[in-house]
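Working through the structure, step by step
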Amino acid sequence: MAVPTVPSAELAIETRALRKTYRRITGRRTVAVHGLDLAVPAGGVHGFLGPNGSGKTTTIRMLLGLISADSGTMEIFGRRVPRALPAVIGRIGAIVEQPKFYPHFTARQNLQLLSQSIGAPRSAVGEVLEAVNLTERSKDRYRSYSLGMKQRLAIAATLLKDPDLLVFDEPTNGLDPAGIREIRETMRSLGSRGKTVLVSSHILAEVEQVADTVSIIGRGQLLASGNMAELVAAHHAPVVTVGIADPPAALEALRAASVEARVEGDHLVVTGERDPAKITWVLANQGLYVRELTPQHQGLEQLFLELTAGQTPGMQADPTTTFPTTGAHAAPVAPADQDGAP
């Protein structure tokens, strides 16, 4: 598991040994987050990834003080939360659930009303509308907005107090491709402006296009974390497709040079060789000339599937503790969240 070696002073979010459990109606305790060490660098977009039920939403809710942790520590911009949450809450904007707007008000009217309630300057309304590319539609009623526009307006609302950290939990849920692209461009723009954007999502292709760093969790535990490109490269051997007139002869030549390869149809597939020039050099020395040399993209999806293979949705059971299900000591049942966990 790769964990970023970023000094704490440069982290927007840091958790250590974070743990959260729930009591179920069956009387057993289930573990939503189990010893989670999370490090989110300040500035840029950080993808927070994991299968449904892996503890993403539970972690976000603990960071925002919506639910309490059983144990472990959490810091936002170096301040311990939830104790210091009042001191840093002004630096945080979050969309955890669908925000409420007045459907018969225009987008601008909705934001003006919100800005007054939180003490944001009136000039901020125009600025945040421009930031999410809604200026031209700002006089349209909210009820006429598409899902993508509604989500961008929600992001605009979080920007009214000019936060340093933005937390988005599944921001593209239910959106069509155009809406997803709009949210992706908005997040990329925010990250490029120096904001820290923590985005929890299951749409890996979108995260890959926008995130600078990622953390992948499974069953409440950290599986991998760090620079996305470096993580993908570290977990995948290079794969190159080689087009050549005589694949069997080329295969023999490469194996003689200790280059791993196999024949697929009329091509060779070479794995583990980080210098493609060696492939052409070995083959040319045997009078075999390459007509095609194509590196295969090994992306975030492959990494994610490898790390989370065999994991089923839902939290893991804690076999060490059971609780009565009836009588005065019966434990309350918490509502389910977007992870499939309370």
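What you see is a predicted model; the values in this text were computed from it and never measured.

As a further point, take the sheet that holds strand β8 (residues 196-200). Spatially, six strands are ordered β6-β7-β8-β3-β9-β10 in an open sheet, and the strand pairing comes out mixed. What marks the edges here is a single partner per strand, and that holds for β6 (92-95) and β10 (221-227). Across the sheet, the axes of successive neighbouring strands diverge by a mean angle of 15 degrees, strand direction being ignored. For strand β7 (residues 165-169) and β8, the ladder comprises five bridges, and the chain directions are parallel. Looking across to β8, one finds that Phe-168 is bridged to Val-199. In this fold helix α5 (residues 147-159) packs onto β6 and β7, with an angle of close to 160 degrees to the strand it touches most, β6. Across the sheet, helix α6 (residues 177-192) lies against β3 (44-49), β7 and β8, angled at about 150 degrees from β8, the strand it touches most.

Another point: the pairing of strand β11 (residues 239-244). For β11, the tally of buried residues reaches six of six residues, placing the bulk of the element in the interior. Burial along β11 is two-sided: Val-239, Thr-241 and Gly-243 and Val-240, Val-242 and Ile-244, pointing in opposite directions, are all buried. In this structure, β11 lies alongside strand β13 (residues 267-271), joined through five bridges in antiparallel fashion. From the neighbouring strand, Val-242 faces β13, where its bridge partner is Leu-268. With five bridges joining them, β11 and strand β14 (residues 290-295) adopt antiparallel strand pairing. What sits directly across from Val-240, in β14, is Pro-295.

Here the focus is helix α9 (residues 247-256). Three or more residues of α9 are buried, namely Pro-247, Ala-250, Leu-251, Ala-253 and Leu-254. Projected down its long axis, α9 shows its buried positions confined to an angular sector of 165 degrees, all on one face. Opposite the packed face of α9, turned more than 90 degrees from it, sit the exposed residues Pro-248, Glu-252, Arg-255 and Ala-256. Here the buried face of α9 lies against β11, β12 (261-264), β13 and α10 (276-285). Downstream of α9 by one or two residues, Ser-258 has phi in the positive range, about 65 degrees.

Calculation rules
- Residues numbered from 1 in each chain as written.
- Predicted model: local features only at pLDDT ≥ 70, side-chain atom pairs only at ≥ 80, totals over all residues.
- Heavy atoms only, no water.
- Pairing = 2+ DSSP bridges.
- Helix = DSSP H or I, 4+ residues; strand = E, 2+ residues; numbered from the N terminus.
- Axes fitted to C-alpha atoms, helices over the stretch in contact; angles between N-to-C directions.
- Contact = heavy atoms within 4.5 Å.
- Buried < 20%, exposed > 50% of the residue type's maximum accessible area, 1.4 Å probe, protein only.
- Arc of directions from axis to C-beta.

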